[in-house]
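# Architecture and fold: a report
Spelled out, the chains give:
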Amino acid sequence: MISSIKWRFVFVYFLLVFIAMAIVGIFIVGRLEDQQIKAVTRDMEQEIQSISSSISDNDWLENASDIQNTIDEWPLGSNQTLYVIYDEDIPTIIASNAEQKENVVGYNALSNKYIDPIIVQTAFNGDKGESIIEELNENIINKHLSYPVYSSMGKLNGVLYMTYNLENVYNTVNESKTILTSATFLALGITIFLGFLIASSITEPIRDVTKKAEEMAMGDFDQFVDVKSDDEIGQLASMFNHLTLKLKETIQDMDLERSKLDTIFNYMAEGVVAVDTNGYIIHVNPIAMDILGLDEGLSYGEEKIDLLKLNIHKIDYTKKENLEGSVTTKINSKVYKIKYAPFNNEKNIVGGLIVVFQDITQEHKLDNMRKEFVANVSHELKTPITTIKSYTETLLDNELDKVISQKFLSVIDSESDRMARLVRDLLQLSNIDYNKTNWKRTEVSICDMIRDIISKLDLLIKEKDHKLELDLRENLPSVIVDKDGMEQVILNIISNAIKYTENNGKINISVYSIDKELVIKVKDNGIGIPKDDQHRIFERFYRVEKGRSREMGGTGLGLSIAKEIIDAHDGRIEINSVLEEGTEVTLTLPLV
Ligand SMILES: Nc1ncnc2c1ncn2[C@@H]1O[C@H](COP(=O)(O)OP(=O)(O)OP(=O)(O)O)[C@@H](O)[C@H]1O
Ligand SMILES: [Mg+2]
């Protein structure tokens, strides 16, 4: 308890007042006792002088009874005892007012137990003697005074010896002591009370600040103390409030910053995971959890990830230069660029790795497509060039007859056509890709266009003995399209149906309108397209059976061009096909 400032303050205060009161008390009581005794002594002296001048100037022994009478008549107080001592050979009491004077008068003064022989002697030597004596076993304190009395002749007549009971004096002194002690207790009581109040007024605000600081330490920053004064404690309180405010602001800023970072961390497109030096996950964002197939309820510091599985090798935490890099890794059919770098912990040493996953599946796919495209173009061009080259060389090197030469030249011609077609198709795709195609939209009757196309393909249909069914509704609205482009699309679809249907096949072409859309369906009962290939059918150069398609003069660009053109017209192209049963291609164009 004494360790608290409050009680220490009260204790010191108490001690100070106690010491002050004790010193003052001792001083006052001492002085009072002194004064009282001096007053008594003065009274005694006056009394003795009056008595001495009232008794006979002649030899006292001869006038002893007169002296006794004078003393008897003298108004002495009950606490005063007078002895008249005459010096015969020994100092003898010749008169007295003592209670049992018959036991005293006529006896040796020095053997009287109430008389101090030393001061008797002093008086007989001519000096005034005085002493204070506590009478043994009687609880009485007496003031003793001895006084030499001379005759007018200058002869020592004897000694007047007076004792004075100091009971009253000591009663007064004791009373004063009691008063002073009570006053001291009262003062100490007030001291404790006031000391407590003052100490409280000092310690309460400090205790308040301490309590609020404790609550702040536990994370509650809404702590303010009342500033009740302008003194040092008031300044401490307002400084505390200022600090709290600053701290709150700083923490709010930090929270804001952290929440921003959290949002970025949680919603960024890249997956991020932080691992400690033992490979345990210490932080992970939702994307990375998804990539790594981690459980939502994962607790940090318990789940490990295998860096080797991510293609991150050579991790050596003693060599900082080995801790940074990037790798490409395939995880669950997706391709990721993984970048990693070390981070420092609170001890400013490497605490682990931050691993960032960037999904590059699309780029990877595009890159592969680009490579495949270049390879396809080269391959498609190489075949006719090789044919043309070898046929031309044969023609140049040998003298061939006209029929064979004609045959060779017609092969060269058809291969050149094929190359020209390929280059034209590629150019068309490139123009579409770079938005260079100028679509000339005009009002076109699709039914007329289909009839035109069929008449162009008539020879081919007849060659393969296909049965053609046309279901063209009457009064169909015309569409606003680029005539050449649309003709190219429909021509490719119908010629595909002819090409990829065995002889004696059945081809059905129907056109109708529904819900402000024009629908063109081309259905065949041909070889069909395997399910696995159907989703790739619109890719450039994609052909189901490359050899067979090429034989038929196809390049595999027809449907990809068709899709681009239909997309540019805000239409749709869909393929439904069952292997060896047939294919149905549906074109949908918006009607205005
Ligand atoms: N009606 C169909 N029946 C079966 N397979 C088809 C049909 N239409 C297209 N295909 C398949 O789709 C592939 C791509 O067709 P696309 O029209 O793009 O190329 P192509 O006809 O081979 O060549 P191009 O049209 O450039 O002369 C074809 O090679 C073929 O394998
Ligand atoms: Mg085609």
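Residues numbered from 1 in each chain as written. Chains lettered and ligands numbered in written order. Predicted model: local features only at pLDDT ≥ 70, side-chain atom pairs only at ≥ 80, totals over all residues. Heavy atoms only, no water.

## Some details on the side chain of Lys212
When you line up the elements, Lys212 lands in helix H4 (residues 167-217). Looking at Lys212, its side chain comes within polar contact range of the main-chain oxygen of Phe224, at 3.0 Å. Residues contacting Lys212, with those up to four places away along its chain left out, are Gln223, Phe224, Val225 and Phe240. (Helix = DSSP H or I, 4+ residues; strand = E, 2+ residues; numbered from the N terminus. Polar contact = N/O pair within 3.5 Å; in protein donor to acceptor, adjacent residues only side chain to side chain. Contact = heavy atoms within 4.5 Å.)

## Some details on the coordination of the magnesium ion (ligand 2)
Around the magnesium ion (ligand 2), the protein supplies Asn492 (OD1) and Asn496 (OD1) as donor atoms, at distances of 2.1 to 2.3 Å. Linking Asn492 with Asn496, this pair stays in helix H10 (residues 483-499), spanning four residues, or about one helical turn. Each of the two residues, Asn492 as well as Asn496, counts as buried. (Donors = N, O, S within 2.8 Å, 3.2 Å for Na, K, Ca; no water. Buried < 20%, exposed > 50% of the residue type's maximum accessible area, 1.4 Å probe, protein only.)

## Notes on the nonpolar core
With 46 residues, the main nonpolar core has Ile446, Ile450 and Ile490 as its most contacted residues. With eight residues, the single largest contributor to this core is helix H9 (residues 446-463). Each of domain 3 (364-433) and domain 4 (441-590) accounts for three or more of the residues forming this core. If we ignore the near neighbours within four places in the chain, the residues touching Ile450 are Leu470, Leu472, Ile490, Ile509, Val511 and Ile520. Counting residues in hydrophobic clusters, the runner-up holds 28 residues, among them Ile51, Ile94, Tyr147 and Met162. (Core = buried A, V, L, I, M, F, W, Y, C linked by side-chain atoms within 4.5 Å. Domains from an automatic or database assignment.)

## Details of the confidence of the model for the chain
Low-pLDDT stretches of the model should not have their predicted coordinates read in fine detail. Model confidence for the chain is summarised by a mean pLDDT of 90, while 99% of its residues fall at 70 or above. Ranking the elements of the chain by mean pLDDT puts helix H12 (residues 546-551) last, at 72, and strand S17 (residues 582-590) first, at 97. (pLDDT = per-residue confidence, 0-100.)

## Considering the sheet that holds strand S4 (residues 140-150)
Reading across from one edge, S2-S1-S5-S4-S3 is the order of the five strands in this open sheet, with antiparallel pairing throughout. The sheet is open, and its two borders are formed by strand S2 (91-96) and strand S3 (129-135), each paired with just one other strand. Here the strands of the sheet are splayed against their neighbours by 25° on average, with no regard to which way each runs. The pairing of strand S1 (residues 80-87) with strand S5 (residues 156-165) spans six bridges and is classified as antiparallel. Within S5, the position partnered with Gln80 by the bridge is Tyr164. (Pairing = 2+ DSSP bridges. Axes fitted to C-alpha atoms, helices over the stretch in contact; angles between N-to-C directions.)

## Thoughts on the sheet that holds strand S7 (residues 281-284)
Spatially, the five strands line up as an open sheet ordered S7-S6-S10-S9-S8, and their pairing is antiparallel. Here the strands that pair on one side only, and so sit at the sheet edges, are S7 and strand S8 (325-331). This sheet shows a mean twist of 25° between the axes of neighbouring strands, independent of strand direction. Direction of pairing for S8 relative to strand S9 (residues 334-344): antiparallel, over a ladder of seven bridges. If you follow Val327 over to S9, its bridge partner there is Ile338.

## Thoughts on the domain arrangement of the chain
Domain boundaries in the chain define domain 1 (79-165), domain 2 (268-353), domain 3 (364-433) and domain 4 (441-590). A separation of 52 Å is found between the C-alpha centroids of domain 2 and domain 4.

## What about H4?
With 51 residues, H4 should reach 75 Å at 1.5 Å per residue; the first-to-last C-alpha distance of 71 Å fits that figure. The axis of H4 is deflected most strongly, by about 30°, at Ser200. One or two positions beyond H4, positive phi appears at Gly219, with a value near 105°. (Expected span 1.5 Å × (residues − 1). Bend = angle between axes of the 7 residues up to and from the residue.)

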